Amino acid sequence: MSFFDNRVFREHSHDNGFSGNRIDRQSEHRADDCIVEATRHPAVGVYLFAEDRALMSVSEDGLSPLFSLAEAGARGMQADSLILLGHSDDEPRLAAMVPDREQEQEDGASIKAIDLRSLAIQGVVSPDHLGAIAQARSLLQWHATHGFCAKCGQETEIKGGGVRRQCLSCDAQHFPRVDPVSIMLAIDGDRCVLGRSPRFLPGMYSCLAGFIEQGETIEDAVRREVLEEAGIKIGRVAYFSSQPWPFPSSLMIGCHAEALSTDIVPDDDELEDCRWFTREEVRLMLAGEHPDGLKTPPRMAIANRIITAFAEAD
Ligand SMILES: [Zn+2]
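Basis of the calculations
Residues numbered from 1 in each chain as written. Predicted model: local features only at pLDDT ≥ 70, side-chain atom pairs only at ≥ 80, totals over all residues. Heavy atoms only, no water. Buried < 20%, exposed > 50% of the residue type's maximum accessible area, 1.4 Å probe, protein only. Helix = DSSP H or I, 4+ residues; strand = E, 2+ residues; numbered from the N terminus. Pairing = 2+ DSSP bridges. Phe/Tyr/Trp six-rings, centres within 6.5 Å; stacked < 30°, edge-to-face > 60°. Expected span 1.5 Å × (residues − 1). Contact = heavy atoms within 4.5 Å. Polar contact = N/O pair within 3.5 Å; in protein donor to acceptor, adjacent residues only side chain to side chain. Salt bridge = Lys/Arg side-chain N within 4 Å of Asp/Glu carboxyl O. Donors = N, O, S within 2.8 Å, 3.2 Å for Na, K, Ca; no water.

### Remarks on the pairing of strand E13 (residues 208-211)
Next, step 1: Only one face of E13 is buried: it carries Leu 208 and Gly 210, and the other face, with Ala 209 and Phe 211, is open.
Next, step 2: In terms of strand pairing, strand E11 (residues 179-188) meets E13 through 4 bridges, oriented antiparallel. Bridge pairing in E13 places Val 181 opposite Phe 211.

This is the structure:
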């Protein structure tokens, strides 16, 4: 019998937006000419970005995020930004930047540049494309901001098709980062804690969240964040799911947290409101039927899925 056979096991991460990446990265087995090799493949496809927006070609069949090399060249692809994401069904997948200018105005209805939040919310591209686009956006942003060595200050160059950079002077290697963030729902019986940042859309409440710090476990980060932001003590912490969050390179790690105290002391610097919500109230918010118009983040967001799991539990 397998270790997992006698456990309740369901991978909730696949319910989250940006989670469907099927690209085979082969990060450990790449030659330095892997990009040149990829460009020779007849079925190579390129994801293009104008700043933080993904380019889409528009046709009768809908939106397509993949461009041929010729199409990418015609869009002004910046060759020095080109990276290899990996392979999808043995077809190379590249990513590159194009000039931000009037990508949209120039081409009217044939090309659109769409920000990644809108892409995920609207569900206009398939989940595997959305995951690849998240990977591409995070990597392109990292390369664009790591042209110089953090050790000696000299120039760095791209290696392995984009899986790392190497300093031309001191040979130090630099690797793209992922920033872990804990996001949690504190629960006391039939109610949970939601907070409201001043940055949120009107009426929206969400889970509390914060970056995991050095020398800290996920569970300790959850306990610290809830204590800092809501003044509530936390006992048991249960991991629920994770979500790549390409703004620019976070990994959201979602948990349910057992509240051991109930008096809320909100952190006024981060939150404009923070309070207990009953399970019934949360159900109305998720359904878009709250009498005061209060709501949760959209379904593609991990916060929505964490809250939903609580709302639907018996
Ligand atoms: Zn250096």
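From this point, the discussion proceeds with the structure in view.
### Concerning the pairing of strand E5 (residues 83-88)
Next, step 1: Counting buried positions along E5 gives 5 out of 6 residues, so the element sits mostly inside the fold.
Next, step 2: Judged from the 5 bridges that link them, E5 and strand E6 (residues 91-98) form a sheet pairing that is antiparallel. By the bridge assignment for E6, Leu 84 is matched with Leu 94.
Next, step 3: Taking the residues between adjacent antiparallel strands as the criterion, E5 and E6 are bridged by 2 residues, where Asp 89 takes a positive phi near 50°.

### A few points about the packing of aromatic side chains
Next, step 1: One pass over the full model with this rule turns up 4 aromatic pairs.
Next, step 2: Aromatic side chains Phe 18 and Phe 247 sit 6.0 Å apart centroid to centroid with 75° between the ring planes, which places their arrangement in the edge-to-face category. Of the two residues, Phe 18 is situated in the segment before helix H1 (34-39) and Phe 247 in the loop between strand E14 (234-245) and strand E15 (250-259); the sequence distance between them amounts to 229 residues.
Next, step 3: On the basis of relative accessible area, Phe 247 is assigned to the partly exposed category, the value being 27%.
Next, step 4: Ring plane angle 65° and centroid distance 4.9 Å describe the contact between Trp 245 and Phe 247, whose orientation is recorded as edge-to-face.

### Things to note about helix H6 (residues 218-230)
Next, step 1: In this model H6 runs 18 Å from its N-terminal to its C-terminal C-alpha over 13 residues, within 8% of the 18 Å that 1.5 Å per residue would give.
Next, step 2: Where H6 is buried, its residues meet E11, strand E12 (191-196), E13, E14, E15 and strand E16 (273-278).
Next, step 3: Gly 231 lies just past H6 and shows a positive phi near 70°.

### Quick word on the side chain of Asn 16
Next, step 1: By secondary structure assignment, the location of Asn 16 is in the segment before H1.
Next, step 2: Judged by relative accessible area, which is 4%, Asn 16 ranks as buried.
Next, step 3: At 3.1 Å, the side chain of Asn 16 forms a polar contact with the side chain of Ser 241.
Next, step 4: Discounting chain neighbours no more than four positions away, the residues touching Asn 16 are Ser 241, Ser 242, Gln 243, Met 300, Ile 302 and Arg 305.

### A look at the pattern of salt bridges
Next, step 1: Applying the stated criterion across every chain, the model contains 19 salt bridges.
Next, step 2: Its salt-bridge partner being Asp 15, residue Arg 10 comes within 3.0 Å of it at the nearest N-O pair.
Next, step 3: Here Asp 15 falls in the partly exposed class, since its relative accessible area comes to 27%.
Next, step 4: A salt bridge links Asp 220 to Arg 223, with the shortest nitrogen-to-oxygen separation between them at 3.0 Å. With Asp 220 and Arg 223 both in helix H6 and 3 residues apart, this pair spans about one turn of that helix.
Next, step 5: One salt-bridge network, in which partners are shared between bridges, spans Glu 213, Glu 216, Arg 224, Glu 225 and Glu 228.

### Some words on the coordination of the zinc ion
Next, step 1: The coordination sphere of the zinc ion, as far as protein atoms go, consists of Cys 149 (SG), Cys 152 (SG), Cys 167 (SG) and Cys 170 (SG), spread over 2.3 to 2.4 Å.
Next, step 2: Sequence spacing of the donors to the zinc ion: C-x2-C-x14-C-x2-C. Here Cys 167 lies in strand E9 (residues 164-167) and Cys 149 lies in the loop between helix H5 (127-144) and strand E8 (156-159), a separation of 18 residues in the sequence. By the burial criterion, Cys 149 is buried, and Cys 167 matches it.

Function cannot be read off these values alone, since they describe shape.
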